[in-house]
Amino acid sequence: MPDFIAAATQRARVRVPLRFHDGYRADAELVTFHGLADGREHVAVVLGDPAPGTTPLVRLHSECLTGDVFGSARCDCGPQLREAVERIAERGGVLLYLRQEGRGIGLYNKLDAYALQDQGLDTYAANTALGLPEDARDYTAAAQMLSALGIGELDLLSNNPDKADQLRTLGVEVRDRVPTGVFATPDNVRYLRAKVLQTQHTLPLGDLAELGVG
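Residues numbered from 1 in each chain as written. Predicted model: local features only at pLDDT ≥ 70, side-chain atom pairs only at ≥ 80, totals over all residues. Heavy atoms only, no water.

## As for the overall build of the protein
Next, step 1: Along the protein, the regular secondary structure elements total 8 helices and 7 strands.
Next, step 2: Looking at the protein as a whole, 48% of its 214 residues qualify as buried.
Next, step 3: Within the protein, counting contacts between residues at least 6 apart in sequence, those at least 24 apart form 62% of the total.
Next, step 4: Surface summary for the protein: the accessible area is close to 10300 Å², and the carbon and sulfur share equals 51%. (Helix = DSSP H or I, 4+ residues; strand = E, 2+ residues; numbered from the N terminus. Buried < 20%, exposed > 50% of the residue type's maximum accessible area, 1.4 Å probe, protein only. Contact = heavy atoms within 4.5 Å. Areas by Shrake-Rupley, 256 points an atom, 1.4 Å probe, with all protein chains shown as cover.)

Here you go:
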């Protein structure tokens, strides 16, 4: 990690058994931190036990109340979270649950952006129409968390190239970027297509077009 970024330290670790609506179960350790750059209460979810010499699998998952908690079909966040926990638990690694609702603009602003999307704007144009960044997320705290956990090299479970680029700039060695599954529905296909076209997410446009957005 660059010298100009202050080190964070582990604050506490607690075992939490995870249970999902489909019956999947996993044992996790939740880790909290002192000294994170943005002052937010981000949490590391440590899953599985990497074999010696194995690069840990890591996901940076931005908090999504509507998708993660309420199962909203307007995004793919809930299914991505569920998939990530299982894949990381199988291989060993960490899910960083980052308090960055709405790509960093907050819950209320995200819901305002939803209203604009209902009028025809895509997810990025809706943010800018509100006078907000398309994506306000900064991953400095994520790099601090990884350093505090002793992780300097990882495989990143993400479709978003910006996450890998920011981590590398922050001194984290991202060996490989591993795409997540495609969780498209008629309710979120415009959202997913915008992510491909606007920010080069690794999602197959052909599969999305089959759901009615060409």
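## What to know about a nonpolar patch on the surface
Next, step 1: A surface patch of nonpolar side chains, amounting to about 310 Å² of accessible area, comprises Leu65, Val69 and Phe70.
Next, step 2: In this fold, Val69 is placed in helix α1 (residues 65-69). (Patch = residues over 30% accessible without salt bridge, like charges linked within 9 Å, V, L, I, M, F, W, Y side chains within 5 Å. Salt bridge = Lys/Arg side-chain N within 4 Å of Asp/Glu carboxyl O.)

## Looking at the packing of aromatic side chains
Next, step 1: As enumerated under the stated definition, the model contains 1 aromatic pair in all.
Next, step 2: When the centroid spacing of 6.1 Å and the interplanar angle of 40° are considered together, the rings of Phe20 and Tyr24 count as tilted.
Next, step 3: Taking the ring centre of Tyr114 as reference, the NZ or CZ of Arg74 above it sits at 4.2 Å.
Next, step 4: Sitting above the plane of the Phe20 ring, Arg82 keeps its charged end 5.6 Å from the centroid. (Phe/Tyr/Trp six-rings, centres within 6.5 Å; stacked < 30°, edge-to-face > 60°. Lys NZ or Arg CZ within 6 Å of the ring centre and 35° of its normal.)

## What about the nonpolar core?
Next, step 1: Counting residues in hydrophobic clusters, the biggest one holds 28 residues, and the most contacted among them are Leu60 and Leu96.
Next, step 2: Of all elements in the fold, only β2 (25-34), β3 (43-47), β4 (57-62), β5 (93-98), α5 (140-148), β6 (153-157) and α6 (161-169) reach the threshold of two or more residues within this core.
Next, step 3: The leading source of residues in this core is α5, at 6 residues.
Next, step 4: Excluding residues within four positions of it along the chain, Leu60 makes contact with Leu96, Leu98, Tyr139, Ala142, Leu156, Lys163 and Leu167.
Next, step 5: With 15 residues, the next largest nonpolar core counts Ala28, Val45, Leu95 and Leu157 among its residues. (Core = buried A, V, L, I, M, F, W, Y, C linked by side-chain atoms within 4.5 Å.)

## Focus on the pairing of strand β1 (residues 9-19)
Next, step 1: The pairing of β1 with β2 spans 10 bridges and is antiparallel. Paired with Val14 across the strands is Leu30, a residue of β2.
Next, step 2: What sits between β1 and β2 in their antiparallel hairpin is a turn of 5 residues, with Gly23 showing a positive phi close to 95°. (Pairing = 2+ DSSP bridges.)

## Some points on α5
Next, step 1: Burial of α5 is extensive: 8 of the 9 residues sit out of reach of the surface.
Next, step 2: All of the buried residues along α5 are Thr140, Ala141, Ala142, Ala143, Gln144, Met145, Leu146 and Ala148.
Next, step 3: Directly beyond the C-terminal end of α5, a positive phi value near 80° is found at Gly150.

## Some points on the sheet that holds strand β7 (residues 173-178)
Through backbone hydrogen bonds, the strands of a sheet pair up, either in parallel or in antiparallel fashion.
Next, step 1: The strand order across the open sheet formed by 7 strands is β1-β2-β3-β5-β4-β6-β7, and the pairing between neighbours is mixed. Of all the strands in the sheet, the pair left with one neighbour each is β1 and β7. Each strand of the sheet is rotated relative to its neighbour by a mean of 30°, with strand direction disregarded.
Next, step 2: Relative to β5, β3 runs antiparallel, the two being bridged by 5 bridges. Looking at β5, one finds that Val43 is bridged to Tyr97.
Next, step 3: Sheet strands in contact with helix α2 (residues 77-91) are β1, β2, β3, β4, β5, β6 and β7, and its direction is about 160° off that of β4. (Axes fitted to C-alpha atoms, helices over the stretch in contact; angles between N-to-C directions.)

## Structural notes on the pairing of β3
Next, step 1: Within β3, 4 of the 5 residues are buried, which leaves it mostly tucked inside the rest of the structure.
Next, step 2: Pairing geometry for β2 and β3, over 4 bridges, is antiparallel. Pairing of Val31 across the sheet is with Ala44, part of β3.

## Looking at the pattern of salt bridges
Next, step 1: Under the counting rule described, the total for this entry stands at 11 salt bridges.
Next, step 2: Across the pair Asp22 and Arg82 runs a salt bridge whose closest N-O atoms are separated by 2.9 Å. Of the two residues, Asp22 is situated in the loop between β1 and β2 and Arg82 in helix α2; the sequence distance between them amounts to 60 residues.
Next, step 3: A relative accessible area of 44% places Asp22 in the partly exposed class.
Next, step 4: For Arg82, a relative accessible area of 16% corresponds to the buried category.
Next, step 5: The partner of Asp155 in a salt bridge is Arg91, with the nearest N and O atoms 2.4 Å apart.

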